[in-house]
Amino acid sequence: MKIISTISFYMLLILLVYNLNIEVKAQTVYAQNMVPQPTLPIGFVSFDQWAPGAMTAIPNTLSEGYLVGGSWANGIWYGIDYKSSATCNLYSIDPVTGNSSLIGNTGVINGTGLTYDITSNTMYMIDAQPSEYISNLYTVDLTSGATTLIGNTNQYFILSLACNSDGELYGFSIYYDKFFKINKQTAECTFIGNVGFSSNNANEMEFDRENDILFAYIRDMSQPTENQRRWWAIDTETGAATLIGELQGGATALGLAIPYTMPQLDRPQLVSPEHKSININSMTSFSWNSVPNATNYKLEISTDKLFRTTERTIENITANSYTLANEEQLNENQIYYWRIKAYNDNNGTSWYSKKFKFRTISDLQTINIPLPAGWNLVSLNVIPNNLAMEEVFSGLNGIVVVKNGAGDIYSPVFGINQIGNWNIEEAYYIYTNTNCYLSVTGIQIIPSHISISLHFGWNLIPYLLTTQMNASQVFANINNYMIFAKNKLGDIYHPEFGVNTIGNMKPGEGYWIYVVTPSTLIYQD
């Protein structure tokens, strides 16, 4: 009986693993720890990028100072050190022995971040100048350590850099927790979004280039001191951070380097389903551009944007397209991600493609919004089939004027449409001359997959959830960047003073919010 139970247990375990298709791709990370522990002294460490809670000490460390920025380039771990009020040095480090070799002095004080661009064979460095803490961008000569100034970013405290395999450069600033894309020719920064929590102190980023995932060590100041030093994955489209785990015993992970092996085949370029497409059939077809010299491909589909698990894995596809079979069909009304990897008969491989997101077909939902005579402030949580203002308000009598936050109007009475289409990331004022209902049918929005950009000052925002939620919960991830929010009645939510007369925010309503810096709002389902 005991033998049968044991066999049944292991069969069940095998079935569970098979159904989940656990496909986490482990990669070693090298870093500098600055927090002494009984089993982990100050010095160089290594750990699995998916298991930051288990670090291994590497013998030896720098004789003075410590690594603050690092990157992997052409099989070598490079790093810059930190010395208060002194120019930083460039080193190469042996990840096995921990022995470091001084390459040269950069001539830059407060160098903080380092990253390598494989598309141009260029090392970049960022600093935080001690006088005004505005960051400058440099290139670094890997044979001498000498730097060349590219320009001033005009941003405060960009402490870390990361460059992906396509040569796109990113930076993270602890000033309002901002994530930027950086122009490599001018150092000009484009704001992408906030990581979603209050950060402080030194931080580091590095791409897993083979899987196109940006990892980061960032301290989360909203947590207890012993739980603040954390390992994240950063969404380069929104800036939002996904927690991977806490670092062992509160260790640091500066001077990051994630090794990579250059691929023998080009990275596949995805075609369809297109990125962010909706209403996709559950037995859809996937297509991508053919890769020269590739003989077969692997298709992976996941509900996890980091692909820690996969829902479908189809291998040995000999064409540059694949249609799901009946037994492979996907769930309806679900967000999926897909990617491709190329192979050839000589054991050559590509790196994984970029990840595209799509949403499968779903039942239509209807929202009914009461519009009392006069001014109303409204928003939608469904996506109508036709977003044209004329279609959204088709058949609805009593609409005098619709106005957006920029002052553009739609008036069926006067035949004016300056707005064009309804934007689901905005709210609108509607003036009616009679009591009526706005009834809109469409695809239900998945709020957590929509990033609402907020500019400095007042913003008119929608409420995307299908149920009520307290304003303190809705704005939890941007409390540090906002002054207050208000509804059309003048009720407010003011986090600094603990005032919340709004209470629960409601589907169908719109709200004003005032932020002190460009920010991003993401509703949590």
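Residues numbered from 1 in each chain as written. Predicted model: local features only at pLDDT ≥ 70, side-chain atom pairs only at ≥ 80, totals over all residues. Heavy atoms only, no water.

Undergrad: Account for the overall build of the chain, naming residues and giving values.
TA: For the chain, the helix and strand inventory stands at three helices and 45 strands. Considered along the principal axes of its C-alpha atoms, the chain spans approximately 80 × 65 × 55 Å. Taking all 525 residues of the chain together, 52% fall into the buried category. Looking at the chain alone, contacts between residues at least 24 apart form 60% of all its contacts between residues at least 6 apart. If you sum the accessible surface of the chain, you get close to 23000 Å²; carbon and sulfur atoms cover 49% of it. For the chain, the centre of its 26 positive side-chain charges and the centre of its 43 negative side-chain charges are spaced 3 Å apart. (Helix = DSSP H or I, 4+ residues; strand = E, 2+ residues; numbered from the N terminus. Buried < 20%, exposed > 50% of the residue type's maximum accessible area, 1.4 Å probe, protein only. Contact = heavy atoms within 4.5 Å. Areas by Shrake-Rupley, 256 points an atom, 1.4 Å probe, with all protein chains shown as cover. Lys, Arg positive; Asp, Glu negative; His and termini not counted. Charge placed at Lys NZ, Arg CZ, Asp CG, Glu CD.)

Undergrad: Can you explain the sheet that holds strand E26 (residues 321–323)? Please cite residues and give values.
TA: Reading across from one edge, E21-E23-E26 is the order of the three strands in this open sheet, with antiparallel pairing throughout. Each edge of the open sheet is held by one strand with a lone partner, namely strand E21 (270–272) and E26. Each strand axis lies, on average, 20 degrees off the axis of its neighbour in the sheet, ignoring direction. (Pairing = 2+ DSSP bridges. Axes fitted to C-alpha atoms, helices over the stretch in contact; angles between N-to-C directions.)

Undergrad: Any details on the environment of Thr 190? Residues and values, ideally.
TA: With respect to the helices and strands, Thr 190 occurs in strand E15 (residues 189–194). Relative accessible area serves as the criterion here: at 47%, Thr 190 is assigned to the partly exposed category. For the pair Thr 190 and Gly 171, spaced 19 residues apart in sequence, the C-alpha separation works out to 9.8 Å. Setting aside anything within four residues of it in sequence, one finds Thr 190 in contact with Phe 179, Phe 180 and Lys 181.

Undergrad: Quick rundown of the nonpolar core? Include the residues and the values.
TA: Counting 45 residues, the largest nonpolar core has Phe 393, Trp 422, Leu 438, Phe 475 and Tyr 523 as the members making the most contacts within it. In contact with Phe 475, other than residues within four places in its own chain, are Ile 461, Met 482, Ala 485, Tyr 493, Met 505, Ile 513 and Leu 521. With 26 residues, the next largest nonpolar core counts Leu 62, Val 108, Val 140 and Tyr 260 among its residues. (Core = buried A, V, L, I, M, F, W, Y, C linked by side-chain atoms within 4.5 Å.)

Undergrad: Outline the sheet that holds E15, supporting the account with residue identities and numerical values.
TA: Whenever strands of a sheet pair, they do so through backbone hydrogen bonds, lying parallel or antiparallel. Taken in spatial order, the four strands line up as E12-E13-E14-E15 in an open sheet, and their pairing is antiparallel. The open sheet has two edge strands, strand E12 (158–163) and E15, and neither has a second partner. On average, adjacent strands in this sheet sit at an angle of 25 degrees to one another, irrespective of strand direction. Note that strand E13 (residues 169–173) and strand E14 (residues 178–182) share five bridges and pair antiparallel. Directly across from Tyr 170, in E14, lies its bridge partner Lys 181.

Undergrad: Residue-level account of the side chain of Ser 350, with values.
TA: As for its position among the elements, Ser 350 is in the loop between strand E27 (335–343) and strand E28 (356–360). At 2.9 Å, the side chain of Ser 350 forms a polar contact with the backbone nitrogen of Ala 342. When residues no more than four places from it in sequence are discounted, the contact partners of Ser 350 are Pro 263, Leu 265, Asp 266, Arg 267, Pro 268, Lys 341 and Ala 342. (Polar contact = N/O pair within 3.5 Å; in protein donor to acceptor, adjacent residues only side chain to side chain.)

Undergrad: Quick rundown of the confidence of the model for the chain? Include the residues and the values.
TA: Scored by pLDDT, the chain comes out at a mean of 92, with 95% of its residues at no less than 70. Overall, residues 1–24 carries pLDDT values under 50, and its contacts beyond four positions in sequence, including any with other chains, amount to 18 contacts. (pLDDT = per-residue confidence, 0-100.)

Undergrad: Explain the pattern of salt bridges to me, and be specific about the residues and the numbers.
TA: Within the structure shown, the criterion is met by eleven salt bridges. Across the pair Glu 246 and Arg 230 runs a salt bridge, and its minimum N-O distance is 3.4 Å. With Glu 246 in strand E19 (residues 241–246) and Arg 230 in strand E18 (residues 229–234), the pair connects residues that are 16 residues apart, well separated along the chain. Under the relative-accessibility criterion, Glu 246 is labelled partly exposed at 32%. One salt bridge in this structure joins Arg 339 and Glu 300, with 2.9 Å as the shortest N-O distance. A residue pair is termed long-range when its members are at least 10 positions apart, and Arg 339 in strand E27 and Glu 300 in strand E24 (residues 296–302) qualify at 39 residues. The same class applies to Arg 339 as to Glu 300, namely buried. (Salt bridge = Lys/Arg side-chain N within 4 Å of Asp/Glu carboxyl O.)

Undergrad: Provide a residue-level description of unusual backbone geometry, including the pertinent values.
TA: The omega torsion of the bond from Ser 272 to Pro 273 falls at 0 degrees, within 30 degrees of zero and hence cis. Residue position: Pro 273 is located in the loop between E21 and strand E22 (277–280). Phi at Phe 157 is positive, roughly 50 degrees, even though this residue is not glycine. Its identity as a non-glycine residue notwithstanding, Asn 333 has a phi of 55 degrees, on the positive side.

Undergrad: I'd like a rundown of a nonpolar patch on the surface, residues and numbers included.
TA: On the surface, a cluster of nonpolar side chains totalling about 280 Å² of accessible area is made up of Tyr 133, Tyr 156 and Tyr 175. Assignment of secondary structure puts Tyr 175 in the loop between E13 and E14. For Tyr 175, a relative accessible area of 35% corresponds to the partly exposed category. (Patch = residues over 30% accessible without salt bridge, like charges linked within 9 Å, V, L, I, M, F, W, Y side chains within 5 Å.)

Undergrad: Break down the packing of aromatic side chains for me, citing the residues and quoting the values.
TA: Here the structure, examined in full by the defined rule, presents 33 aromatic pairs. Summarising the aromatic geometry, the rings of Trp 458 and Trp 512 are spaced 6.2 Å apart at their centres and angled 85 degrees between planes, so their arrangement reads as edge-to-face. Here Trp 458, found in strand E38 (residues 457–462), pairs with Trp 512, found in strand E44 (residues 510–515); they are 54 residues apart in sequence, far enough to count as distant. Residue class for Trp 512 comes out buried when judged on its relative accessible area of 17%. Ring-pair connections join several aromatic residues into one group, and the members of that group are Trp 375, Tyr 429, Tyr 431, Phe 456, Trp 458, Phe 484, Trp 512 and Tyr 514. Looking at Lys 403, its charged tip hangs above the ring of Tyr 429, at a distance of 6.0 Å from the centre. For Lys 486, the ring lying beneath its charged end belongs to Trp 458, and the centroid distance is 5.0 Å. (Phe/Tyr/Trp six-rings, centres within 6.5 Å; stacked < 30°, edge-to-face > 60°. Lys NZ or Arg CZ within 6 Å of the ring centre and 35° of its normal.)

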